[in-house]
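# Analysis of the macromolecular model
Each chain, written out:
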Amino acid sequence: MSRKKSTISRRSFLRGAAIAGVGAPALARAGAQDAKGEELATLLDISKCVGCGACVVACGEANESRYPKPEKPFPEMFPPRVKVADWSDDRYVDDRLTPYNWLFVDNITVNHEGTEHEIHMPRRCMHCTNPPCANLCPWGAAAKKDDGAVVIDPDVCLGGSKCKSVCPWDIPQRQTGVGLYLDLLPRFAGNGVMFKCDRCQPRMAEGKLPACIEACPMQVQQIGPRSEIIAKAKALAAEMNGYIYGLEENGGTNTIYVSPVPFEKLEQARAKVAPSAGKKGKGKHASKGKNSGRPNLTQVGSPFEKEDMFAAAVFTAPVAGLAAGAIRLLRKTQSGHGEDS
Amino acid sequence: MRTRTLLFALLMAAMAISGFGQMPIFKRYYIADIPGMAWTADYYFTHMMHYAGGAILLALLGYAAVRLFAAAGRVTLSGWLRIGLWALIAVTGLARVTKNLPDMHLGPELTMAVDVTHLAAVMLLGLTALMARLLGRGEYLRVEE
Ligand code: SF4
Ligand code: SF4
Ligand code: SF4
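If you check an unreviewed UniProt entry, chain B appears there as FeS-binding protein from Oceanidesulfovibrio marinus.

### Remarks on the site of ligand 2
All names here are of chain A. If you check the shell around ligand 2, you find Cys-59, Asn-63, Trp-102, Leu-103, Arg-124, Cys-197, Arg-199, Cys-200, Pro-210, Ala-211 and Cys-212 and nothing else. Elements represented by at least two residues in the shell around ligand 2 include exactly α2 (54-63) and α6 (211-215). Its residues assigned to classes, the shell around ligand 2 shows eight nonpolar, one polar and two charged.

### A word on helix α1 (residues 2-20) of chain B
Residues and elements named next belong to chain B. With 19 residues, α1 should reach 27 Å at 1.5 Å per residue; the first-to-last C-alpha distance of 27 Å fits that figure. The complete set of buried residues in α1 reads Leu-11, Met-15 and Ser-18. End-on, the buried residues of α1 take up no more than an arc of 75 degrees, which puts them together on one face. For α1, the exposed residues lying more than 90 degrees away from the buried face are Arg-2, Leu-6 and Leu-10. Close packing links the buried residues of α1 with α2 (43-70).

### Points about the pattern of salt bridges
All names here are of chain A. Enumeration over the complete set of coordinates arrives at nine salt bridges over all chains. Where Asp-198 meets Arg-66, a salt bridge forms, and the shortest distance between an N and an O atom there is 2.7 Å. Taken together, the residues span a long stretch of sequence, with Asp-198 in the loop between β7 (193-195) and α5 (201-205) and Arg-66 in the loop between α2 and β2 (104-112) at a distance of 132 residues. Taking relative accessible area as the criterion, Asp-198 reaches 8% and is therefore assigned buried. Where Glu-206 meets Lys-208, a salt bridge forms, and the shortest distance between an N and an O atom there is 2.9 Å. On the basis of relative accessibility, which here comes to 57%, the residue Glu-206 falls in the exposed class.

### As for the pairing of strand β8 (residues 221-225) of chain A
Successive residues of a regular strand alternate their side chains across the two faces of the sheet. Residue and element names in this part refer to chain A. For β8, the tally of buried residues reaches four of five residues, placing the bulk of the element in the interior. Relative to β8, strand β1 (residues 40-45) runs antiparallel, the two being bridged by five bridges. Bridge pairing links Thr-42 to Ile-223 in β8.

### Overview of the packing of aromatic side chains
All names here are of chain A. The full count for this structure, using the stated rule, is seven aromatic pairs over all chains. Each ring, one from Trp-169 and one from Tyr-245, has its centre 6.4 Å from the other, and the planes form 75 degrees; the classification is edge-to-face. Of this pair, Trp-169 sits in the loop between α4 (162-166) and β6 (173-175) while Tyr-245 sits in strand β9 (residues 243-245), and the two are 76 residues apart along the sequence. Both residues of the pair, Trp-169 and Tyr-245, belong to the buried class.

### Comments concerning the domain arrangement of chain B
How big an interface is tends to be reported as the loss of accessible area on association of its parts. Residue and element names in this part refer to chain B. Split by domain assignment, chain B resolves into domain 1 (1-55) and domain 2 (71-145). Using C-alpha coordinates to define each centre, domain 1 is positioned 19 Å away from domain 2. Each side of the interface is counted separately: domain 1 has seven residues, and domain 2 has six residues. Taking both partners together, domain 1 and domain 2 bury about 430 Å²; carbon and sulfur atoms supply 77% of that area. The largest per-residue losses of area from domain 1 upon contact with domain 2 belong to Met-12, Phe-20 and Tyr-51, which jointly make up 66% of the total buried on that side. For the interface between domain 1 and domain 2, the tally reads zero salt bridges. Counting the contacts that link domain 1 with domain 2 gives one residue pair in polar contact (both at pLDDT 80 or more). Among the residues forming the side of domain 1 that touches domain 2, the class breakdown is five nonpolar, two polar and no charged.

Reading guide: rules and limits
Residues numbered from 1 in each chain as written. Chains lettered and ligands numbered in written order. Predicted model: local features only at pLDDT ≥ 70, side-chain atom pairs only at ≥ 80, totals over all residues. Heavy atoms only, no water. Near = heavy atom within 4 Å. Helix = DSSP H or I, 4+ residues; strand = E, 2+ residues; numbered from the N terminus. Nonpolar A, V, L, I, M, F, W, Y, C, P; charged D, E, K, R; others polar. Expected span 1.5 Å × (residues − 1). Buried < 20%, exposed > 50% of the residue type's maximum accessible area, 1.4 Å probe, protein only. Arc of directions from axis to C-beta. Contact = heavy atoms within 4.5 Å. Salt bridge = Lys/Arg side-chain N within 4 Å of Asp/Glu carboxyl O. Pairing = 2+ DSSP bridges. Phe/Tyr/Trp six-rings, centres within 6.5 Å; stacked < 30°, edge-to-face > 60°. Domains from an automatic or database assignment. Buried area = accessible area lost by both parts, 1.4 Å probe. Polar contact = N/O pair within 3.5 Å; in protein donor to acceptor, adjacent residues only side chain to side chain.

Right under this line is the structure:
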């Protein structure tokens, strides 16, 4: 991972260091706060990120005990087109998302308005407010928690990878050779377990901050009630004449990025660079496209735009049916004879 | 009468395909590779298809419920069994739709219970209907006279 510091980053370092002492207690309070009933969101000021990777290391340390411990050899899959996804020998890959790395820092160099920016962007699950991974999981393994975090239960997930297919950012990553499928129909159904950031559920349950937030020397991240985080993001964007990602994406997320460079530009630059992990171990990982494991920054509309309309139809339908039945029954009674079919 | 039965069979087929399509099986087992069948692996499409079919089915069930209410005394044993399963399917289906609404979420355990019950009730209904038909007890209502 490149750890070079840009001019912006150095400036931000000083600013970050200056507020670090003042900011910490407020952040700690916010971390424990989910009783208010509002979902928690995180704000990432990527102008402050220096790409030091402390957050990645902290994530690894905090969650190591939850990483997959696959049994080998893996069951032979049927049909053979179903490939195993094995990251157990590449667990230290840290330049993309893997089942052993739920957070990585994407380093993007981009020219904006005549200035070269070196942007470092911590990427992990966006924790969508209406997450397709959880809504469409056929099995209930993926779910949204009250605090707005989206989690996948490793004891329940069968590794079918549907969550990854419906996630606009391909966030969840599969490890073969673990989980419930081994006890069910290992050859014919499932293929492991999907892993991703769950916003440090165990730490949050203890009233602690997510590890990546706590470890960051630059205070890149803040966590708090979504409405407050949105207000802060907007104020920050206005202040730096910057741009916001995550407010509308995928119908809204609980991860909000503020950047001094437009996200379209970051996406163009990002898409050109392949991660090193994508080049080695050919055929070993299930999906290894050039940008696999490196979430995009494209504009993503709401996947459930028509959901409300369809849901309303589903809820109204039985009532309409009952009414129609009642009217018909009434007519029959009035005309004095019943019938059946 | 014939057309009605055919339409109902088509509706049930659409519900079954779009329902099972919620599991990642059609691509894995090459169904989506058959020309013209790619949509079976489009989760968003099958999701909406299941909703649209669900709305029609729920309207029919509501309608049937009133009529059964009027004829409750004549419902056969296998009829009651299937009515119970229909009710279970409807209730769990509605619970799932509720869960999928923006700003609504059931806990993981409840979600799984709802999903598994929905699927199990569908399979049981299919089995019961098949058995009832094979045993010549396909009617919901005892025919009087
Ligand atoms: S970013 Fe992807 S994995 Fe994360 S909550 Fe949204 S849909 Fe799910
Ligand atoms: S919130 Fe926790 S699990 Fe998620 S990226 Fe940060 S440290 Fe990792
Ligand atoms: S610890 Fe902070 S500054 Fe370092 S890479 Fe992570 S977010 Fe950026």
